[in-house]
Amino acid sequence: MPSEKRDLWAAQARAALIIAATRRTLLTYGELGMALGMEGVILRNQLRHVLDDVSEGCHAAGEASLAALVVNKETGEPGSGWTDGDRRWQQEVRKVFERWAPK
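Being a predicted model, the structure only gives us computed values, none of them experimental.

K.L.:
Just to check I follow, could you spell out the overall build of the protein for this structure?
P.N.:
Within the protein one finds 4 helices and 2 strands. Listed by position from the N terminus, the elements making up the protein come as α-β-α-α-β-α. Relative to the 2.2 N^0.38 estimate, which gives 13 Å for 103 residues, the radius of gyration of the protein is 13 Å and therefore close to what a compact globule would have. In the protein, of all internal contacts separated by at least 6 residues, the share reaching a separation of at least 24 is 63%. In the structure as shown, the protein presents an accessible area of about 6,400 Å², 50% of it carried by carbon and sulfur atoms. When the 14 positive and 14 negative side-chain charges of the protein are each reduced to one mean point, those points stand 5 Å apart.

Set out below in structure tokens:
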């Protein structure tokens, strides 16, 4: 996938996840994919890379990872690929909600 497209998806994903954070809600992978115009093979093959890009951007900015807000619709938890060093997923979600809480 050309990097320009992935960069666009990452920017759009960040915006969508900030909105979710201000509302204190989680999104499923499918919901985020739909918001980005992804489906099928592209969704399965690209969304994880897009979320990695979003997470890297968050860490570079000193923020909790917005990618923590994306969960599997069946389990309500992130997929097995979500790792963030020694941070626990639930704690990361709380930090994201705190960071983006409306003032």
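Next comes the rest of the write-up.
K.L.:
Where do I start with the packing of aromatic side chains in this structure?
P.N.:
Within a pair of aromatic rings, the relevant descriptors are the distance that separates the centres and the angle that separates the planes. With the rule as written, the count across this model stands at 0 aromatic pairs. The cationic tip of Arg99 hangs over the ring face of Trp100; the distance from NZ or CZ to the ring centre is 3.9 Å.

K.L.:
Help me out: how do you make sense of the nonpolar core in this one?
P.N.:
Generally speaking, a soluble globular protein has its nonpolar side chains buried in company with each other. Leu17, Leu32, Leu36, Val50, Leu66 and Leu69 are the most contacted members of the largest nonpolar core, which has 29 residues in total. Among the secondary structure elements, those contributing two or more residues to this core are α1 (3-22), α2 (29-36), α3 (40-60), β2 (70-71) and α4 (89-99). Discounting chain neighbours no more than four positions away, the residues touching Leu17 are Leu27, Leu32, Leu51, Val54, Leu66, Ala67, Leu69 and Val70.

K.L.:
Mind showing me how you'd approach the side chain of Ser55 here?
P.N.:
Here Ser55 lies in helix α3. Exposure remark for Ser55: the relative accessible area of 14% places this residue in the buried category. Here Ser55 is in contact with Ser65 and Ala67, once residues within four sequence places are set aside.

K.L.:
I keep staring at α4 and nothing clicks. Help me out?
P.N.:
Of all the residues in α4, the buried ones are Trp89, Glu92, Val93, Val96 and Phe97. Seen end-on, α4 carries its buried residues on one side only, within an arc spanning 140°. Buried residues belonging to α4 abut α1, α3 and β2.

K.L.:
Just checking my understanding: could you explain unusual backbone geometry for this structure?
P.N.:
Glycine aside, residues mostly have negative phi, and peptide bonds are mostly found in the trans state. Phi is positive for Arg24, which is not a glycine, with a value near 60°. Under the relative-accessibility criterion, Arg24 is labelled exposed at 53%.

Analysis parameters
Residues numbered from 1 in each chain as written. Predicted model: local features only at pLDDT ≥ 70, side-chain atom pairs only at ≥ 80, totals over all residues. Heavy atoms only, no water. Helix = DSSP H or I, 4+ residues; strand = E, 2+ residues; numbered from the N terminus. Rg over C-alpha atoms; globule rule 2.2 N^0.38 Å. Contact = heavy atoms within 4.5 Å. Areas by Shrake-Rupley, 256 points an atom, 1.4 Å probe, with all protein chains shown as cover. Lys, Arg positive; Asp, Glu negative; His and termini not counted. Charge placed at Lys NZ, Arg CZ, Asp CG, Glu CD. Phe/Tyr/Trp six-rings, centres within 6.5 Å; stacked < 30°, edge-to-face > 60°. Lys NZ or Arg CZ within 6 Å of the ring centre and 35° of its normal. Core = buried A, V, L, I, M, F, W, Y, C linked by side-chain atoms within 4.5 Å. Buried < 20%, exposed > 50% of the residue type's maximum accessible area, 1.4 Å probe, protein only. Arc of directions from axis to C-beta.

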